[in-house]
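Chain and residue survey
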Amino acid sequence: MNQLLKRRLSNIPFHKRLFYSIFILALLFVVIIYAFQYQREKFFREQMLNSTLSKYNTLVIFEIKKRGISDSLFNDITQVVDLPDLRLTIINSGGTVIYDNRKHDVSHMTNHLTRPEIVDAIKNGSGYSIRFSDTIEREYFYSAQKYGNLFIRTSLPYNTNTIRMLEVDRQFIYFLIVLFFIIVFTLFRYSQILGKSISRLREFVTKAEENLPIDNQIVFSNDDIGEISNKLVNLYKRLKTTKTALTIEQEKLYMHFRFSREGLAIFSQKNQEIFSNSLFIQQLNLISDLHVDAPEQVFEIAEFQSIISFIDTANASLERDEEVTSHKFSIRKSGRAFEIACIVFEDKTYEISIYDNTGQDEENRLKRQLTQNISHELKTPVSSIQGYLETILTMPDLDANKRNLFLERCFAQSKRLAYLLSDISLLNRMDESNTLFDIDSVDVSHIIREIVSETQHELEKKSITVDLIDIPQKALVEGNTSLIYSIFRNLIDNAGTYAGENVRVVINCYRQDANYYYFTFSDTGVGVADEHLNRLFERFYRVDKGRSRKIGGTGLGLAIVKNAVLFHKGEISAKNRTEGGLEFLFSLKKNQ
């Protein structure tokens with residue numbers, strides 16, 4: 001019931017509630033003033049009537065002194081006093097009535113010592129009261145006065161004439177009523193003005209809360225509330241302008257973080273992630289021997305334990321208002337060199353950055369070797385074709401079986417040359433311009449399952465199994481179908497070629513956020529030495545050149561994989577698994 005009442009009251013506008021509250025207070029004030037003044041004036045009039053009757057009492061006492069108590073005494077007094085209903089009673093000190101002009105036989109009248117006016121006369125010398133008379137059986141106004149051993153009491157019937165004498169002046173009531181309505185009218189006017197100001201202020205607050213545009217049509221009253229409201233509106237507009245500018249700058253900063261070449265993560269004082277880019281998770285997995293799928297797991301990695309000590313020290317320094325410097329250290333893992341930095345801010349949030357600085361020297365070396373590798377890789381099949389054809393041409397009597405064998409080898413080398421040129425062309429297209437590829441919404445899950453189905457027969461020959469873990473039913477990315485296909489096809493072909501036999505391949509979508517899918521592609525094969533890890537994605541790089549030549553392949557498969565991942569705004573890295581085998585970690589941007 002109370003809740004319902006509160007809900008109904010809350011629906012009443014503030015200015016009406018204010019009006020009703022002050023209206024009730026004003027009404028209560030007027031009623032109290034009226035009651036007080038009524039009682040005060042009534043008392044005053046009773047005193048006046050009592051004073052008049054007291055004069056008659058004094059007159060009776062004066063006459064008693066001269067003439068004694070008799071009927072002629074009262075008859076003479078009534079001739080002087082123009083009050084035909086006046087009653088005179090004389091009572092002795094014992095309370096016995098010895099004379100009453102309205103009762104000739106007073107012997108049967110009760111003792112009067114307990115009458116209120118007599119009680120007051122005993123205490124104060126005089127007294128009065130309004131009460132019902134048991135003797136006359138009427139209501140009277142009594143006034144008593146003590147005189148020696150006697151009580152002289154005069155009284156008037158409490159009838160219309162007496163009531164009129166005691167009646168309060170009505171002019172004061174009319175004055176209060178007029179004053180009350182003036183107050184109510186004034187209050188109503190000011191509450192309306194206040195209500196309009198509050199309604200406009202509420203309209204402004206509602207628009208501000210719902211982030212609606214604030215127009216200049218909200219005009220406040222020309223008073224203190226209006227002035228305060230205008231200042232609030234101006235302050236809000238300045239704050240909104242500032243917030244918009246800050247939001248733009250924040251978006252710029254987030255874009256910078258997202259596409260930075262550093263792995264970046266910002267954490268709260270309680271070690272909870274505020275922001276991180278995709279590269280941070282990738283680099284954590286390269287450094288850690290554990291599988292990392294959340295930025296908070298950085299504190300579980302042994303290589304990062306020094307950061308925890310630094311953060312505790314920095315927080316203690318901030319409490320002492322001391323300047324805090326950043327903490328930096330280096331880590332070498334999986335053939336890569338990482339620079340780690342941690343900065344603690346004034347609000348005790350902090351940033352951890354991971355920078356892979358192994359790529360700068362490698363880039364220059366790759367450019368020098370690229371031309372040599374292309375020349376070498378092209379020269380090998382061309383020389384083979386040239387040699388076989390020269391043998392056939394210079395030996396016309398060559399055995400037909402050998403001739404066919406040489407022609408088959410020429411064809412095989414020409415196919416290898418065609419694959420090589422096709423891969424080089426694909427890489428060049430990715431290097432030169434992203435606009436050469438059609439962009440569409442691609443379902444990665446469908447492509448993965450299609451490739452597994454296509455390669456199943458060849459993989460079964462080598463006892464290689466492929467398991468899919470946490471792959472969504474639909475994983476849509478914004479990209480090119482053929483390039484997405486080439487990523488997973490080259491990785492599976494690479495595992496089938498180099499991992500060995502009786503191998504388990506696992507493709508796992510271990511994490512996803514609002515922008516990216518995060519994949520691992522791992523096998524339980526032979527793996528590679530750590531010094532080769534940071535060169536696996538180089539063009540034409542081979543871990544075992546002799547074995548690779550015999551097996552075949554262009555040496556561009558993993559380079560295509562890396563460029564295709566970069567084309568889809570992701571990152572890719574490789575590391576050896578502690579249990580044995582190789583693991584690739586990469587991300588693909590979602591379809592927005």
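Just so it is clear, the structure is predicted and the values come from calculations on it, not from any experiment.

Okay, the overall build of the protein chain next. Along the protein chain, the regular secondary structure elements total 16 helices and 17 strands. Within the protein chain, the proportion of its 592 residues that are buried is 40%. Summarising the internal contacts of the protein chain: among those between residues at least 6 apart in sequence, 60% fall at separations of at least 24. Surface exposure of the protein chain reaches about 34200 Å², of which carbon and sulfur atoms provide 54%.

The next thing to look at is the environment of histidine 532. The topology assignment puts histidine 532 in helix H14 (residues 530-533). Here the alpha-carbon distance between histidine 532 and glycine 335, two residues 197 residues apart in the chain, equals 7.0 Å.

Let us look at the sheet that holds strand S12 (residues 465-469). Taken in spatial order, the five strands make up an open sheet running S12-S14-S15-S17-S16, and their pairing is mixed. The sheet is open, and its two borders are formed by S12 and strand S16 (572-576), each paired with just one other strand. Sheet twist, expressed as the average angle between the axes of neighbouring strands with direction ignored, equals 15°. The sheet strands contacting helix H8 (residues 278-287) are strand S14 (504-512), strand S15 (516-523), S16 and strand S17 (582-589), and the helix crosses S17 at an angle near 175°.

Further remarks concern the nonpolar core. One recurring pattern in soluble globular proteins: nonpolar side chains tend to sit buried together. Of all hydrophobic cores here, the largest spans 42 residues; its most connected members are Ile487, Phe488 and Phe586. Counting only elements with at least two residues in this core, the list comes to helix H12 (444-461), helix H13 (481-498), S14, S15, helix H16 (557-567), S16 and S17. No other element matches the seven residues that H13 contributes to this core. In this structure, phenylalanine 586 is in contact with Gln282, Ile487, Phe488, Leu491, Tyr517, Tyr518, Phe519, Phe521, Val565, Glu571 and Ile572, ignoring residues within four places of it in sequence.

With that settled, consider the packing of aromatic side chains. Aromatic rings considered in pairs are described by the distance between their centres and by the relative angle of their planes. Summed over all chains, the structure comprises 13 aromatic pairs. Seen from their ring centres, phenylalanine 304 and phenylalanine 329 are 6.4 Å apart, and the 75° between their planes marks the pair as edge-to-face. You can see phenylalanine 304 sitting in the loop between H8 and helix H9 (305-319) and its partner phenylalanine 329 sitting in strand S8 (residues 327-333), a full 25 residues away along the chain. Summarising the burial analysis for this pair, phenylalanine 304 and phenylalanine 329 share the class buried. Of the aromatic side chains, those joined through ring pairs into one cluster are Phe267, Phe280, Phe299 and Tyr350. Here the basic side chain of arginine 511 rests over the ring of tyrosine 518, its NZ or CZ set 5.2 Å away from the ring centre. Against the face of tyrosine 516 rests lysine 589, its NZ or CZ located 5.5 Å from the ring centre.

Now for the confidence of the model for the protein chain. In the predicted model, the protein chain carries a mean pLDDT of 77, and 78% of its residues have values of at least 70. Note on residues 546-552: pLDDT under 50 across the span, and 12 contacts to partners over four residues away in sequence or across chains.

So, about the pattern of salt bridges. With the rule as written, the count across this model stands at nine salt bridges. Note that glutamate 117 and arginine 153 form a salt bridge whose closest N and O atoms lie 2.9 Å from each other. In this pair, glutamate 117 is assigned in helix H4 (residues 116-124) and arginine 153 in strand S5 (residues 150-157), connecting sequence segments 36 residues apart. Both residues of the pair, glutamate 117 and arginine 153, count as buried. The salt bridge involving aspartate 513 is made with arginine 511; its shortest N-O contact spans 3.9 Å.

In space, the five strands of this open sheet follow the order S7-S6-S10-S9-S8, with antiparallel pairing throughout. Edge positions in the open sheet fall to strand S7 (273-276) and S8, since each of these has one partner strand only. In this sheet, adjacent strand axes meet at a mean angle of 15° when their direction is disregarded. Of the strand pairs in this sheet, strand S6 (residues 262-267) and strand S10 (residues 350-356) are connected by six bridges, and their pairing is antiparallel. Within the sheet, the bridge partner assigned to alanine 265 lies in S10 and is isoleucine 352. The strands that H8 touches are S6, S7, S8, strand S9 (336-344) and S10; relative to S6, the one it contacts most, it runs at about 105°. H9 contacts S8, S9 and S10 of the sheet and is inclined by roughly 20° relative to S9.

With 15 residues, H9 should cover 21 Å at 1.5 Å per step; its first-to-last C-alpha distance of 22 Å lies within 8% of that length. Considering only its buried residues, H9 is in contact with S8, S9 and S10.

Attention now goes to a nonpolar patch on the surface. On the surface, Ile228, Leu232, Leu235 and Leu239 cluster together into a nonpolar patch covering about 360 Å² of accessible area. Mapped onto the secondary structure, isoleucine 228 falls in helix H7 (residues 224-258).

Our focus in this paragraph is the packing of H13 against H16. One way to put it is that H13 packs onto H16 with a least axis distance of 9 Å and a crossing angle of 145°. Viewed along their axes, H13 and H16 form a crossing whose handedness is left-handed. Facing Leu483, Ser486, Ile487, Asn490, Leu491 and Asn494 of H13, the residues of H16 in contact are Gly557, Leu558, Ile560, Val561, Ala564, Val565 and Phe567. When its residues are assigned to classes, the contact of H13 with H16 shows nine nonpolar, four polar and no charged.

Across seven bridges, the pairing between S8 and S9 is antiparallel. Residue pairing across strands places lysine 333 opposite arginine 336, the latter belonging to S9. Between S8 and S9, which follow one another and run antiparallel, lie two residues, and serine 334 among them has a positive phi close to 55°.

Inspection of the secondary structure assignment puts phenylalanine 488 in helix H13. By relative accessible area, which is 1% here, phenylalanine 488 ends up buried. Not counting chain neighbours up to four residues away, the residues in contact with phenylalanine 488 comprise Val444, Ile448, Ile451, Ile507, Phe586 and Leu588.

The topology assignment puts serine 276 in strand S7. Its relative accessible area of 16% is what places serine 276 among the buried residues. Within the structure, the side chain of serine 276 is placed 2.7 Å from the side chain of glutamate 273, a separation counted as a polar contact.

About the criteria used
- Residues numbered from 1 in each chain as written.
- Predicted model: local features only at pLDDT ≥ 70, side-chain atom pairs only at ≥ 80, totals over all residues.
- Heavy atoms only, no water.
- Helix = DSSP H or I, 4+ residues; strand = E, 2+ residues; numbered from the N terminus.
- Buried < 20%, exposed > 50% of the residue type's maximum accessible area, 1.4 Å probe, protein only.
- Contact = heavy atoms within 4.5 Å.
- Areas by Shrake-Rupley, 256 points an atom, 1.4 Å probe, with all protein chains shown as cover.
- Pairing = 2+ DSSP bridges.
- Axes fitted to C-alpha atoms, helices over the stretch in contact; angles between N-to-C directions.
- Core = buried A, V, L, I, M, F, W, Y, C linked by side-chain atoms within 4.5 Å.
- Phe/Tyr/Trp six-rings, centres within 6.5 Å; stacked < 30°, edge-to-face > 60°.
- Lys NZ or Arg CZ within 6 Å of the ring centre and 35° of its normal.
- pLDDT = per-residue confidence, 0-100.
- Salt bridge = Lys/Arg side-chain N within 4 Å of Asp/Glu carboxyl O.
- Expected span 1.5 Å × (residues − 1).
- Patch = residues over 30% accessible without salt bridge, like charges linked within 9 Å, V, L, I, M, F, W, Y side chains within 5 Å.
- Left-handed = near helix turned anticlockwise from the far one by under 90°.
- Nonpolar A, V, L, I, M, F, W, Y, C, P; charged D, E, K, R; others polar.
- Polar contact = N/O pair within 3.5 Å; in protein donor to acceptor, adjacent residues only side chain to side chain.

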